[in-house]
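# Coordinate analysis (summary)
The primary structure of each chain is shown beneath.
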Amino acid sequence: NPFKATHGWQTLLVQIPLPHEQTKWAGGVDDPSVPMLTVDGVHHCDITEIITSMFEDKISTTFHMTPFEEYWKFSDMDELTKVFSEAYSSPAHLEAYQEVNAIPRVPGDDLERVVAPLMFWSDATHLANFGDASFWPIYIFFGNQLKYTHGKPTAAACHHVAYVPTLPDDFQDKYIFHFHEGSSDSMYTHCKRELMQAIWRLLLDEKFVDTYRSGIVIRCGDGVMRHIFPRFFTYSADYHEKVLLTCIKFLGVCLCSRCLAKNSA
């Protein structure tokens with residue numbers, strides 16, 4: 001079993017409400033009469049524990065704890081050219097570094113504050129040319145590391161966070177049991193979206209939210225105590241997954257999850 005508890009894995013279930021066209025519940029989604037669909041087998045790791053283990057490890061001695069700007073100059077006669085290359089030399093990292101260091105300190109707090117740039121990825125993958133066996137991991141890289149390190153499989157720089165399950169095979173049977181008819185394609189898509197959101201609610205638990213707001217003190221691999229503040233930097237996914245993550249309509253009026261550019265334009 002690859003999902004051993006000794007390796008930090010937990011296996012839990014999530015519940016999502018089952019919607020139905022032209023049916024309204026008085027209490028909304030919190031109404032106790034709303035039927036719930038249970039999806040079990042959600043394998044995931046604690047994000048805070050991943051952050052802690054990484055910074056405690058000796059590999060953190062190679063991390064860039066303080067962001068900086070990078071410039072290139074061909075000759076003394078040329079102007080400086082700003083280089084955009086790594087997460088730890090990006091404007092976003094510099095802004096996050098200034099933000100966490102602007103948080104008021106309690107008396108006696110003189111620890112170095114470090115931003116942990118979290119770079120998430122997810123990609124549903126078919127495991128065979130025939131059949132429907134699939135694999136949907138969510139994994140994470142740390143922006144404190146070189147991008148060249150990220151590209152080395154032997155560097156173990158990629159950390160798996162969760163595996164997204166599909167809706168159960170008996171979904172339609174359960175839907176018919178509650179509503180006496182099968183779900184439409186739009187309702188099925190809605191439930192897939194709700195499942196993705198439920199899994200992220202599971203990952204972004206109270207422990208992680210507290211760590212995000214207040215940081216966590218860790219003795220790093222070089223023996224120095226530092227105050228680590230995780231920050232979301234990137235989430236790389238294809239368009240189909242972005243639709244599920246941001247709850248937008250597939251190929252709708254506005255295609256992008258970040259702007260209001262019209263499809264017609």
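Model, not experiment: these values are computed from the prediction. (Residues numbered from 1 in each chain as written. Predicted model: local features only at pLDDT ≥ 70, side-chain atom pairs only at ≥ 80, totals over all residues. Heavy atoms only, no water.)

Spatial ordering of the open sheet is given by S1-S2-S9-S8-S5-S11-S10, a layout of 7 strands whose pairing is mixed. Each having just a single partner strand, strand S1 (9–17) and strand S10 (216–219) make up the two edges of the open sheet. Direction aside, neighbouring strands of the sheet carry axes that sit 30 degrees apart on average. Where strand S2 (residues 36–45) meets strand S9 (residues 159–163), 2 bridges bridge the pair, whose relative direction is antiparallel. Residue pairing for S9: His43 is matched across the bridge by Tyr163. (Pairing = 2+ DSSP bridges. Helix = DSSP H or I, 4+ residues; strand = E, 2+ residues; numbered from the N terminus. Axes fitted to C-alpha atoms, helices over the stretch in contact; angles between N-to-C directions.)

Before going further, it helps to spend a moment on helix H5 (residues 185–203). In this model, H5 (19 residues) spans 28 Å end to end at C-alpha, consistent with the 27 Å of a helix rising 1.5 Å per residue. Residues Met187, Cys191, Arg193, Glu194, Leu195, Met196, Ala198, Ile199, Trp200 and Leu203 constitute the buried set of H5. (Expected span 1.5 Å × (residues − 1). Buried < 20%, exposed > 50% of the residue type's maximum accessible area, 1.4 Å probe, protein only.)

Okay, the environment of Ser53 next. Its place among the elements puts Ser53 in helix H1 (residues 47–56). C-alpha of Ser53 to C-alpha of Gln98: the two residues are 45 residues apart in sequence and 25 Å apart in space. Among the polar contacts made by the side chain of Ser53, one reaches the main-chain carbonyl oxygen of Ile50 at a distance of 2.9 Å. (Polar contact = N/O pair within 3.5 Å; in protein donor to acceptor, adjacent residues only side chain to side chain.)

Counting across every chain of the model gives 9 salt bridges. Salt-bridge contacts for Lys207 lead to Asp46; the nearest nitrogen and oxygen are separated by 3.4 Å. Remark: Asp46 occurs in the loop between S2 and H1 and Lys207 occurs in helix H6 (residues 206–214); sequence separation between them is 161 residues. Assessed through its relative accessible area of 36%, Lys207 is described here as partly exposed. A salt bridge links Glu99 to Arg231; its shortest N-O distance comes to 2.9 Å. Residue Glu99 is located in helix H2 (residues 91–101), and its partner Arg231 is located in strand S11 (residues 225–236); the two are separated by 132 residues in the primary sequence. Exposure remark for Glu99: the relative accessible area of 38% places this residue in the partly exposed category. For Arg231, a relative accessible area of 6% corresponds to the buried category. What emerges from the salt-bridge pattern is a single network uniting Asp46, Glu49 and Lys207. (Salt bridge = Lys/Arg side-chain N within 4 Å of Asp/Glu carboxyl O.)

Relative orientation of the contacting elements H1 and H6 amounts to 50 degrees, with a least axis distance of 8 Å. One way to sum up the angle between H1 and H6 is to call them oblique. From H1, Ile47, Thr48, Glu49 and Ile51 reach across to H6, where they touch Lys207, Phe208 and Thr211. Along the lines of polarity and charge, the residues of the contact of H1 with H6 split into 3 nonpolar, 2 polar and 2 charged. (Parallel < 35°, antiparallel > 145°, perpendicular 65-115°, else oblique. Contact = heavy atoms within 4.5 Å. Nonpolar A, V, L, I, M, F, W, Y, C, P; charged D, E, K, R; others polar.)

Our focus in this paragraph is the nonpolar core. The nonpolar side chains of a soluble globular protein tend to be buried with one another. Membership of the largest hydrophobic core comes to 46 residues, with the highest contact counts inside it found for Ile51, Phe55 and Val161. Considering each element in turn, this core owes the most residues, 8 residues, to H5. Residue contacts for Ile51: discarding those within four places in its chain leaves Leu118, Phe142, Phe208, Ile218, Ile228 and Pro230. One finds Ala87, Tyr139, Phe141 and Ala157 within the second-largest nonpolar core, a separate group that totals 5 residues. (Core = buried A, V, L, I, M, F, W, Y, C linked by side-chain atoms within 4.5 Å.)

Turning our eyes to something else, we now look at a nonpolar patch on the surface. A cluster of nonpolar side chains, Phe250, Leu251 and Leu255, forms an exposed patch at the surface whose accessible area comes to about 260 Å². Mapping Leu255 onto the fold places it in the segment after helix H7 (239–246). (Patch = residues over 30% accessible without salt bridge, like charges linked within 9 Å, V, L, I, M, F, W, Y side chains within 5 Å. Areas by Shrake-Rupley, 256 points an atom, 1.4 Å probe, with all protein chains shown as cover.)

Relative to the helices and strands, Ser264 is located in the segment after H7. With 122 residues separating them along the chain, Ser264 and Phe142 place their C-alpha atoms 38 Å apart.

A separate point is the packing of aromatic side chains. Within this structure, the stated rule accounts for 18 aromatic pairs. Ring geometry for Phe120 versus Tyr235: centroids 6.2 Å apart, planes at 20 degrees, classification stacked. Here Phe120, found in strand S5 (residues 112–122), pairs with Tyr235, found in strand S11; they are 115 residues apart in sequence, far enough to count as distant. An aromatic cluster is built from Phe120, Trp200, Phe208, Tyr212, Phe232 and Tyr235, whose rings are joined through pairwise contacts. It is Arg231 that lies over the ring of Tyr212; its NZ or CZ is 4.3 Å from the centre. (Phe/Tyr/Trp six-rings, centres within 6.5 Å; stacked < 30°, edge-to-face > 60°. Lys NZ or Arg CZ within 6 Å of the ring centre and 35° of its normal.)

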